[in-house]
Amino acid sequence: ACDACAAGTFSFEGFGECAACPAGTGCPVGSAEALKCAPGTVAPNASMAACVKCAAGKYQAEAGQLSCDGCEAGTYCEAGANAQTRCKAGYYSNKVEAGDAADCKLCTPGHACPSGSIAMIRCHPGSVANQSGQAACRKCAAGTFQSSRGQQECKVCALGGYCTKGASSPIPCEAGRFGNRLGL
């Protein structure tokens, strides 16, 4: 009678002895061939019965690999990940090998965080973010300005000048002209 190959070994079409399953593959009991590990799983050693999931904070995009890669800052990887997942817009993470979305922190007012951010970006003069979780800073409307970085509100343009959209300071009226209203 023929015996099944033990877990971690395989026999090609029943010829000869059972051979050790190479690293990067898994061989359950009775395997006729070594099965490449799927993306998100690895087999670091030879003679493994099954591939193992990448741990949280790591991923593997390729099949048949021996080790998982660490997730970069601005991303997270749940256990068994085959790709890095970017922190969503309005969030950021400076943590390397983050294991889930909870590692992505909410962006605070006065800052913007596009998808995959590793840090909050302070709004530039002429723009603001008045709420948490903003992907981008909003330009000040015409008639308003903001001269500082990281601000939440635009200021009304003063008498004697005017402000275009995204202004960082009022523009004085030309000689012989006068801005007689606020918010020009």
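Summarised in this report is the structure supplied together with it. Since we're looking at a predicted model, the values are computed, not measured.

Re the environment of Cys87
Mapped onto the elements of the fold, Cys87 is located in the loop between β10 (85-86) and β11 (91-92). When its relative accessible area of 0% is taken as the criterion, Cys87 is described as buried. Distance in space between the C-alpha atoms of Cys87 and Asp103 is 8.7 Å, their sequence separation being 16 residues.

What to know about the environment of Thr108
Examined against the element boundaries, Thr108 turns out to sit in the loop between β12 (105-106) and β13 (111-112). Through-space distance from the C-alpha of Thr108 to that of Cys157 is 26 Å; in sequence the pair is 49 residues apart. Once you skip the residues sitting within four places of it in the chain, Thr108 turns out to touch Met120, Gln131 and Ser132.

A few points about the state of the cysteines
Scanning the entire structure with this criterion turns up ten disulfides. What pairs with Cys87 in a disulfide is Cys104, and their sulfur atoms sit 2.0 Å apart. In this structure the cystine formed by Cys87 and Cys104 twists about its S-S bond by roughly -75°; its chirality is therefore left-handed. Remark: Cys104 occurs in the loop between β11 and β12 and Cys87 occurs in the loop between β10 and β11; sequence separation between them is 17 residues. In this pair, the class of Cys87 matches that of Cys104, namely buried. Two residues, Cys157 and Cys163, share a disulfide whose sulfurs are 2.1 Å apart. Looking down the S-S bond of the Cys157 and Cys163 bridge, the torsion is 80°, so its handedness is right-handed. Using a relative accessible area of 0% as the deciding quantity, one classes Cys157 as buried.

Procedures and definitions
The written sequence of each chain sets the order in which its residues are numbered from 1. Per-residue local features are limited, in this predicted model, to residues with pLDDT of at least 70; the limit for side-chain atom pairs, both in listing and counting, is 80 or more; totals at the level of whole chains, interfaces and linings are taken over all residues. As a convention, hydrogens and water are excluded, and side-chain values are obtained from all of the structure's heavy atoms. Numbered from the N terminus, helices here are DSSP runs of H or I no shorter than four residues, and strands are runs of E no shorter than two. Each residue is placed in one exposure class: buried if its accessible area under a 1.4 Å probe, protein chains only, is under 20% of its type's maximum, exposed if it is over 50%, and partly exposed if it falls in between. By definition, residues are in contact when any of their heavy atoms lie within 4.5 Å. Two cysteine sulfurs form what is called a disulfide whenever their separation falls within 2.5 Å.

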